[in-house]
There are 2 protein chains.
Amino acid sequence: MQNIQSYIKEHKDRFLNELIELLKIPSISADSTYKNDVLKTAEAIKTRLEKAGCEIVEICETAGYPIVYGENIIDPNLPTVLVYGHYDVQPPDPINLWDSPPFEPVIKKTELHPEGAIFARGACDDKGQMYMHVKALEFMTANNELPCNVKFMIEGEEEVGSANLATFVKNNQEKLKNDVILISDTGMIANDVPSITTGLRGLSYVEVEVTGPNRDLHSGLYGGAVANPINILTKMIASLHDENNYITILGFYDKVENLSDAERAEMAKAPFSLENYKKALNIEAVYGETGYSTNERNSIRPTLDVNGIWGGYTGEGAKTVIASKAYAKISMRLVPNQDWEEITELFQKHFESIAPNAVKVKVTPHHGGQGYVTPINSIGYQAASKAYQQTFGKTPIPQRSGGSIPIVSLFEQELKSKTILMGFGLDSDAIHSPNEHFGVWNYLKGIETIPYFYKYFTELNN
Amino acid sequence: MQNIQSYIKEHKDRFLNELIELLKIPSISADSTYKNDVLKTAEAIKTRLEKAGCEIVEICETAGYPIVYGENIIDPNLPTVLVYGHYDVQPPDPINLWDSPPFEPVIKKTELHPEGAIFARGACDDKGQMYMHVKALEFMTANNELPCNVKFMIEGEEEVGSANLATFVKNNQEKLKNDVILISDTGMIANDVPSITTGLRGLSYVEVEVTGPNRDLHSGLYGGAVANPINILTKMIASLHDENNYITILGFYDKVENLSDAERAEMAKAPFSLENYKKALNIEAVYGETGYSTNERNSIRPTLDVNGIWGGYTGEGAKTVIASKAYAKISMRLVPNQDWEEITELFQKHFESIAPNAVKVKVTPHHGGQGYVTPINSIGYQAASKAYQQTFGKTPIPQRSGGSIPIVSLFEQELKSKTILMGFGLDSDAIHSPNEHFGVWNYLKGIETIPYFYKYFTELNN
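Residues numbered from 1 in each chain as written. Chains lettered and ligands numbered in written order. Predicted model: local features only at pLDDT ≥ 70, side-chain atom pairs only at ≥ 80, totals over all residues. Heavy atoms only, no water.

Identification of chain A as Dipeptidase from Neotamlana laminarinivorans is taken from an unreviewed UniProt entry.

Here it is in structure tokens:
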């Protein structure tokens, strides 16, 4: 596999341009306005997989956006790697905070990416990281270095909860049969500190609606005499955390796994500078659950965050109105053992119970997923670790991530195989934010590292 | 003046159509998009005043929208009535809750308005009520029944705080000299229960901005570890009321006038059905300051209401983001003796003081005005009372209103004259709300009653 570096060097510009073409399509799954773009992206993925060397590629319809499936089975007796990724992206707003249009990719140098980074929505999450696998396959097939069987399953609803993927997986267990699942949809600590994500948080995402009077009211004539839905909503949300930032929902922590001091000490070894962290976010102080460090708060502890809130007059100037309704989108990050459907129920019960009778409350679950922890002694993890050692010259650090890939635990449950999370992005790549980007170096390093995973995974399986 | 009813009958359709033409112009002073419409409305008012019998009409430029001034001085020795009104309107949103477009007026019958009501933004507040005075003047001049001098001052910035009117009044004290100020920008209890507003609440309107991280963040990677500006904003707003719904801002109540039991008993005599009140708003229960009745809460007590709140992702679907900023528009209704500028300062100090150091807070004052109480033994009040007795056949009830007309106390201070608030709208007319309307009967009843005010005010001054 010594010729991989020269192959990448030779095809670098094409690899970049192919990704840039994909990034130009606004495949925003959360907003139905972009339906045709999402579908167009699925078609593009199909074509790219065919060109890269998949013998069979299908666009599998679902109740929502289709799943692109591809495979190259070279020998039934060899192990099979199932690659998962997604071709949909987050909405780009707030659009005015982008330095360049989110769907007009540009390559710019940054402090952390001296060789340049591709700026576009989806550059890192997940079009860029997903496409590394397509190009890695191209290299292996073009050079007869594909050591095992490969399957691709690229979905278009990851950013909205993967509801239909779950059904697809349940109904296609034979087709998706594999020995390991490989995903690049996470990050690593730094370009010189490779890491493998061994834990993910679960997610419960709900929307709440508080209704007061049956119409907007003049705040002068009614102010003080009727419940203002916005004031009530703020009271209700505020009460969801106590003075130590513990979540007050009854039973919320019942199943939370508490790490041993030894495990926490191991975690604390990961290089981290609180000063740099605060500097990067321009904040005076961090804020979170009493008794836990920043890295613990955003990985091994569950959280509750308001992701959006709105109600009343939000335009220019002033309007003295009491709104009839107020809304919020609230998500809870969960840790292993917390069941997302159970937590969603607990939230709903609790939120309804704390509403004063002067308002009506509606809680609508959006989606969710379970947390996940992968063992570091599995063949898959060992193969990934060796691959990083080969291309980075360093042993990667196992790392818990605060993010969620809800379907990972579903894969284990339905397909009975472990998932390896080889992420090549950085936390500073601003995924889900304006000016999302992905380092050119990281993109190419991923393409270089992935084939070694196939090599070592196949060898270790003998 | 016996021929007033026949005159109104004869010109009813024209009176309605002229108002409808005015209502078609979207004179939204809060939104600069409508600048030309606001200016167009000022021109229209000028023309109408000239036709109605003003000898001099001027469009007086200000730093903002112009003030339309008109006068008819028939004899310097006779008393002078100064009519104040405004030609600007509130923004119409939420637009989707209107049954018909806000600037395409339609007349429809309602339970409370069997003779029909004009549905349009500004129908009642204040184009409809302001235009009653123009038509009343038309009647008096056309029939040589104008008993005294009259001046009109119609502004275009009432819905955004009248900042430039204040300056105009200060600089034109001689021009605006008068014996009484007459305003129709309030309501009455019911069509068979005429009332005169004797008290108004003051107002302090501020906008707050809470900033956390310098960019939107992925709630999975950062959730739990950094202060979420929306969560913090809800905590801060929630803390502005205690468990008895007392406002917690230090010093907020220091100057609040406490009414005697006798005064409260007098107020309690106004006909009021809590059941009908709740039914009309479709609420299970009212909500407010412990120890006060609904009518006290919305009139003699100060309040704090969030008029708008926004932050994060508010679009379709779900976005797992921690917003960089969260915003709210907050208004406080004040009672006589509370100084709005002092209260604004107290709010700003307090709000900044309760912000955790993990966020930055900005408080921007929008506008405000003082509260006001008018004595019921003045000549002006007596003239108004007699006018209602003449046309309604009943003595009107003096009533405290929760609303604010910030400039009323300024008038008293600068022009040294009392204001009489003859309102003909109903609380159910949905001013500041979707489907604002004004009863045809109320519109014509106002036109019929106003000339009697002129008559009795002139007589009582002899």
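Visitor: I'm lost on helix α1 (residues 4-23) of chain A in this one. Help?
Guide: Three- or four-residue spacings in an α-helix give side chains the same orientation, since the helix completes a turn every 3.6 residues. All names here are of chain A. For α1, spanning 20 residues, the distance from its first C-alpha to its last is only 25 Å, which falls clearly below the expected 28 Å at 1.5 Å a residue. The principal kink in α1, of about 65°, is found at H11. Among the residues making up α1, those that are buried are I4, Y7, I8, H11, F15, L16, E18, L19, I20, L22 and L23. The inward-facing, buried residues of α1 contact α2 (35-52), β4 (106-108), β5 (117-119), α3 (127-142) and α13 (440-461). (Helix = DSSP H or I, 4+ residues; strand = E, 2+ residues; numbered from the N terminus. Expected span 1.5 Å × (residues − 1). Bend = angle between axes of the 7 residues up to and from the residue. Buried < 20%, exposed > 50% of the residue type's maximum accessible area, 1.4 Å probe, protein only. Contact = heavy atoms within 4.5 Å.)

Visitor: What am I meant to see in the sheet that holds strand β20 (residues 437-439) of chain B here?
Guide: Remark on secondary structure: sheet strands pair via backbone hydrogen bonds, oriented parallel or antiparallel. Residue and element names in this part refer to chain B. The strand order β4-β5-β20 describes an open sheet built from 3 strands, whose pairing is antiparallel. Strand pairing shows two members of the sheet lacking a second neighbour, β4 (106-108) and β20, which therefore form its edges. With strand direction ignored, the average angle separating the axes of adjacent strands in the sheet is 30°. Both strand β5 (residues 117-119) and β20 contribute to a ladder of 3 bridges, which runs antiparallel. Each bridged residue has a counterpart across the sheet, and for F119 the counterpart in β20 is H437. Along the sheet, helix α1 (residues 4-23) makes contact with β4 and β5, crossing β5 at roughly 20°. With respect to the sheet, helix α13 (residues 440-461) is in contact with β4, β5 and β20, its orientation differing from that of β20 by roughly 60°. (Pairing = 2+ DSSP bridges. Axes fitted to C-alpha atoms, helices over the stretch in contact; angles between N-to-C directions.)

Visitor: Looking at this model, I keep getting lost on the environment of B:E352. Mind explaining?
Guide: Residues and elements named next belong to chain B. With respect to the element layout, E352 can be found in helix α10 (residues 340-353). Note: C-alpha distance between E352 and K362 (10 residues apart in sequence) is 7.6 Å. Those residues in contact with E352 that sit more than four places away from it in its chain are V361 and V363.

Visitor: Teacher, can you tell me more about the relation of the copies chain B and chain A here?
Guide: For the pair of chain copies, the relating transformation is a rotation about an axis with a translation along it. Rotating chain B by 180° and moving it 0.0 Å along the rotation axis overlays it on chain A with an RMSD of 0.1 Å. Look at the turn and shift together and you get a two-fold axis relating the two. A symmetric contact is evident, with 100% of the interface residues of chain B recurring at the interface of chain A. (Least-squares fit on C-alpha atoms with pLDDT ≥ 70 in both.)

Visitor: What is the right way to read the side chain of A:H113 from this model?
Guide: Residues and elements named next belong to chain A. Following the sequence through the fold, H113 ends up in the loop between β4 and β5. Polar contacts involving the side chain of H113 include one to the side chain of D429, which spans 3.1 Å. Filtering out sequence-adjacent residues up to four positions away, H113 remains in contact with N191, L426, D429, H437, G439 and N442. (Polar contact = N/O pair within 3.5 Å; in protein donor to acceptor, adjacent residues only side chain to side chain.)

Visitor: For this particular structure, what's the right way to read the nonpolar core?
Guide: Soluble globular proteins tend to pack their nonpolar side chains together in the buried interior. Of all hydrophobic cores here, the largest spans 76 residues; its most connected members are B:V81, B:Y87, B:F152, B:Y443, B:F453 and B:Y454. The leading source of residues in this core is α13(B), at 10 residues. Residues in contact with B:F152, not counting those within four places in the same chain, are B:L49, B:C54, B:V68, B:Y69, B:G70, B:L82, B:V83, B:H133, B:V134 and B:L137. Core analysis: the second largest hydrophobic core is formed by 75 residues, A:C54, A:Y65, A:A120 and A:A123 among them. (Core = buried A, V, L, I, M, F, W, Y, C linked by side-chain atoms within 4.5 Å.)

Visitor: Just to check I follow, could you spell out the UniProt feature "domain: Peptidase M20 dimerisation" (unreviewed entry) in chain A for this structure?
Guide: Sites flagged by UniProt as "domain: Peptidase M20 dimerisation" (unreviewed entry) map to residues 199-357 of chain A. Here residues 199-357 of chain A runs as 30% helix and 23% strand, with 42 Å between its end C-alpha atoms. (UniProt positions renumbered as here; feature names shortened; annotations may be inferred.)

Visitor: Help me understand the interface of chain B and chain A in this model?
Guide: Often the size quoted for an interface is simply the accessible area lost on bringing the parts together. Chain B puts 92 residues into the contact, and the matching count from chain A is 92 residues. Taken together, both faces of the contact between chain B and chain A bury some 7800 Å²; the carbon and sulfur share is 52%. One can count 0 salt bridges joining chain B with chain A. When residues in the side of chain B that touches chain A are grouped by element, the largest group, 10 residues, is from strand β12 (residues 303-312) of chain B. Classifying every residue of the side of chain B that touches chain A by side-chain character gives 36 nonpolar, 36 polar and 20 charged. Alignment of strand β12 (residues 303-312) of chain A against β12(B), held across 5 bridges, turns out to be antiparallel. Bridge pairing in β12(B) links A:G312 to B:G308. (Buried area = accessible area lost by both parts, 1.4 Å probe. Salt bridge = Lys/Arg side-chain N within 4 Å of Asp/Glu carboxyl O. Nonpolar A, V, L, I, M, F, W, Y, C, P; charged D, E, K, R; others polar.)

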